[in-house]
Amino acid sequence: MPFMTPQIDARVTRLAPGFRALSIQVDAASIVDRNVGTQALARACQSVAAGGAPWAQAHLSAWGEVFKRFGAKPQRTPCSAQALLKRVQREGSLPCIDPVVDLYNAISIEYAIPVGGEDLTAYEGAPRLIIADGTELFDTMKEGAPAHETPEPGEVVWCDDRGVTCRRWNWRQGTRTRLSAESGQMWFILESLPEMPLAALQEAGDRLVEGLRLMMPGARIESVLIGNPGGA
């Protein structure tokens, strides 16, 4: 499994100078325990009910400010962690979707951090975090049918050589690279700002890796810290 290093546009770094992330690449294996994700999701929801991570509000507020800097409206299109947390606070839990998706959603909820999960076999080239010019294609679904849309000029997006894979930084994932338990190669990105302690980011990554190893003991997993590692 050749290790892939995501690229970050310098203009994005200027929007969020303290941005840092854990990039975790997985050569998947057969799943032996499909309950790992379900159990992690239940624990995460219990954690939210008990008050959640001490940095949660500050971290999610910081993401809202970053979204505003590139023209997004966080009340309408919040970061993925904020959207998940609001749903848990409203409904008390999240429905199970897929063992791997449940696991990374659990990490996002418990640590108040946007976590993306992607099917690397669908990628063309390495992931890049860029400022969109508005011509890039984004694969999505509308009224139950496959559709394409384009990001707003100036919008921060994840993309590959073929097009956008996630709009508004980490708001909405595309259909082409959507991850599932059947994916042979997986990529996870845990994205944080300085309001979240660096030690907490590392812990969140360790928890994700631990869950993946319990779920699929034969998996090969590599991780690297990218962006600006400075800060608390």
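On a predicted model such as this, the values are computed, not experimentally measured, just so you know.

### Section: the pattern of salt bridges
According to the stated counting rule, one finds 13 salt bridges in the structure shown. When the shortest N-O distance is used, the salt bridge between Arg11 and Asp9 registers 2.8 Å. Among the residues examined, Arg11 registers a relative accessible area of 39% and is labelled partly exposed. Between Asp27 and Arg220 there is a salt bridge, with the nearest N and O atoms lying 2.7 Å from each other. With Asp27 in strand E2 (residues 20–27) and Arg220 in strand E11 (residues 220–227), the pair connects residues that are 193 residues apart, well separated along the chain. What emerges from the salt-bridge pattern is a single network uniting Lys142, Glu149, Glu155 and Arg167.

### Thoughts on the side chain of Arg20
Among the structural elements, Arg20 can be located in strand E2. Although Arg20 is buried, it makes no salt bridge; Glu195 carries the closest opposite charge, 7.5 Å away. Within the structure, the side chain of Arg20 is placed 2.6 Å from the backbone oxygen of Met196, a separation counted as a polar contact.

### Examining the sheet that holds strand E3 (residues 115–119)
Strand order in the open sheet made by the four strands is E3-E10-E2-E11, with antiparallel pairing throughout. The sheet is open, and its two edges are formed by E3 and E11, each paired on a single side. Across the sheet, the mean angle separating the axes of adjacent strands is 15° when strand polarity is ignored. Where E3 and strand E10 (residues 185–192) come together, five bridges link them in antiparallel fashion.

Rules and cut-offs
- Residues numbered from 1 in each chain as written.
- Predicted model: local features only at pLDDT ≥ 70, side-chain atom pairs only at ≥ 80, totals over all residues.
- Heavy atoms only, no water.
- Salt bridge = Lys/Arg side-chain N within 4 Å of Asp/Glu carboxyl O.
- Buried < 20%, exposed > 50% of the residue type's maximum accessible area, 1.4 Å probe, protein only.
- Helix = DSSP H or I, 4+ residues; strand = E, 2+ residues; numbered from the N terminus.
- Lys, Arg positive; Asp, Glu negative; His and termini not counted.
- Polar contact = N/O pair within 3.5 Å; in protein donor to acceptor, adjacent residues only side chain to side chain.
- Pairing = 2+ DSSP bridges.
- Axes fitted to C-alpha atoms, helices over the stretch in contact; angles between N-to-C directions.

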